[in-house]
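Spelled out from the first residue to the last, the chains are:
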Amino acid sequence: MFIGHYGVSFAFKKAEPKTPLWASFVGVQFVDILFMIFILFGIEGIRFVPGFTEMNNFDLYYMPITHSLVGGICWSILCFLIFKFVFLRSKPYSDSLKNKISGLIGLTVLSHYFLDLPMHTQDLPILFDSGPKIGFGLWHNKILSITIEVTLTLIGLILYFRATKPGTTFGGKYGMQIFGGILLVLAIATPYFPTPLTIPEFSIQALVGYLALALVAGWLDNKRLPVES
């Protein structure tokens, strides 16, 4: 799962329009961002194995800190606390609204595990690397995997556009539609990209991609207006 994760980000804008899209874009990929940093320093591990699945060549053989169920819960709680007491500290919101927004950000982090679960091979730990690992392996079917990615993204975009309305600028009127189209193209095309040759190349490309998508999403989101309830 890659682009499909962002469907959650878009959908949560419907749940609470004040939830910043850049933050939920970072949230859904938070554990992958950590993973890309960890593999650079040998804290977690990946191998590139040609033909490992139809979707990619990634043997994700060691990632108990970022991609375990318990790890996901802990990271989501941490992100809830950071967002509430750091990013929302100076916002003139009620405490209940701060809790709601921060809770949604925490849930975006936790959602990563459950969206990865149907796609991954049996490489997702529950607690420790030595314990059970789960994954339903849909990455072995490229067409089905792409269909799921596209469907999740489309559902999220539909909910997002129901929660917001166009702004007055070109970006506010058409920017998010263009961005959404790019995401759908990426959902289809990503499995056909060449596999990086080295772990640093893979990690840096991914980190730059996560950052760029979050920045663009946040910028375009600020140009749209919430739908009045």
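The following refers to the structure shown. These numbers come from a predicted model, not from an experiment.

### Thoughts on the overall build of the protein chain
Link 1 in the chain: Counting its regular elements, the protein chain contains 8 helices and 6 strands.
Link 2 in the chain: A compact globule built from 229 residues should have a C-alpha radius of gyration of about 17 Å, and the protein chain, at 18 Å, falls within 12% of that.
Link 3 in the chain: Projected onto its principal axes, the C-alpha positions of the protein chain cover 50 × 35 × 30 Å.
Link 4 in the chain: Taking all 229 residues of the protein chain together, 49% fall into the buried category.
Link 5 in the chain: For the protein chain, restricting intrachain contacts to residue pairs at least 6 apart in sequence, the fraction spanning at least 24 positions comes to 67%.

### Side note on the packing of aromatic side chains
Link 1 in the chain: For the structure shown, the criterion picks out 16 aromatic pairs.
Link 2 in the chain: Plain terms: the ring middles of F25 and F179 are 6.0 Å apart, the flat faces sit at 35 degrees to each other, and that makes the pair tilted. Pair noted here: F25 is in helix α2 (residues 21–28) and F179 is in helix α7 (residues 170–189), with a separation of 154 residues, a long-range link. The burial state of F25 is the same as that of F179; both residues are buried.
Link 3 in the chain: For the ring pair F48 and F202, a centre distance of 5.6 Å and an interplane angle of 80 degrees mean the geometry is edge-to-face. Within this pair, whereas F48 is found in strand β1 (residues 45–48), its partner F202 is found in helix α8 (residues 199–221), the two being separated by 154 residues in sequence.
Link 4 in the chain: Residue classification places F48 among the partly exposed residues on the basis of a relative accessible area of 24%.
Link 5 in the chain: The class of F202 is buried, set by a relative accessible area of 10%.
Link 6 in the chain: One aromatic cluster is present, built from ring pairs that chain together F2, Y6, F10, F25, Y160, F161, F179 and Y210.

### Comments concerning the packing of helix α3 (residues 30–40) against α8
Link 1 in the chain: Across the interface, α3 lies against α8 with an axial gap of 9 Å and an inter-helix angle of 155 degrees. Between α3 and α8, the interaxial angle falls into the category roughly antiparallel. Here α3 and α8 pass one another in a crossing that is left-handed. Touching D32, I33, M36, I37, I39 and L40 of α3 are I199, P200, F202, S203, A206, L207 and Y210, all from α8.
Link 2 in the chain: A breakdown of the residues in the contact of α3 with α8 according to their chemical character gives 11 nonpolar, 1 polar and 1 charged.

### Describing helix α1 (residues 6–15)
Link 1 in the chain: α1 sits mainly inside the fold: 8 of its 10 residues count as buried.
Link 2 in the chain: Residues of α1 that are buried: Y6, G7, V8, S9, F10, A11, F12 and K13.
Link 3 in the chain: Of the surrounding elements, those touching the buried residues of α1 are α2, α5 (95–116), α6 (142–163), β5 (164–165), α7 and α8.

### Observations concerning the side chain of K142
Link 1 in the chain: Checked against the element boundaries, K142 lands in helix α6.
Link 2 in the chain: No salt bridge is formed by the buried K142; the nearest opposite charge belongs to E54, separated by 6.1 Å.
Link 3 in the chain: When sequence neighbours within four positions are dropped, the list of residues in contact with K142 reads E54, M55, P191 and Y192.

### Here we look at the pattern of salt bridges
Link 1 in the chain: As enumerated under the stated definition, the model contains 5 salt bridges in all.
Link 2 in the chain: Here D221 ties to K13 by a salt bridge, and the two come within 2.8 Å at their closest N and O atoms. Placement of the pair is D221 in helix α8 and K13 in helix α1, with a sequence separation of 208 residues. Like K13, D221 is buried.
Link 3 in the chain: Its salt-bridge partner being D129, residue K133 comes within 2.6 Å of it at the nearest N-O pair.

Reading the values: rules and limits
- Residues numbered from 1 in each chain as written.
- Predicted model: local features only at pLDDT ≥ 70, side-chain atom pairs only at ≥ 80, totals over all residues.
- Heavy atoms only, no water.
- Helix = DSSP H or I, 4+ residues; strand = E, 2+ residues; numbered from the N terminus.
- Rg over C-alpha atoms; globule rule 2.2 N^0.38 Å.
- Buried < 20%, exposed > 50% of the residue type's maximum accessible area, 1.4 Å probe, protein only.
- Contact = heavy atoms within 4.5 Å.
- Phe/Tyr/Trp six-rings, centres within 6.5 Å; stacked < 30°, edge-to-face > 60°.
- Axes fitted to C-alpha atoms, helices over the stretch in contact; angles between N-to-C directions.
- Parallel < 35°, antiparallel > 145°, perpendicular 65-115°, else oblique.
- Left-handed = near helix turned anticlockwise from the far one by under 90°.
- Nonpolar A, V, L, I, M, F, W, Y, C, P; charged D, E, K, R; others polar.
- Lys, Arg positive; Asp, Glu negative; His and termini not counted.
- Salt bridge = Lys/Arg side-chain N within 4 Å of Asp/Glu carboxyl O.

Such coordinate-based values are descriptive only and should not be taken to indicate function.
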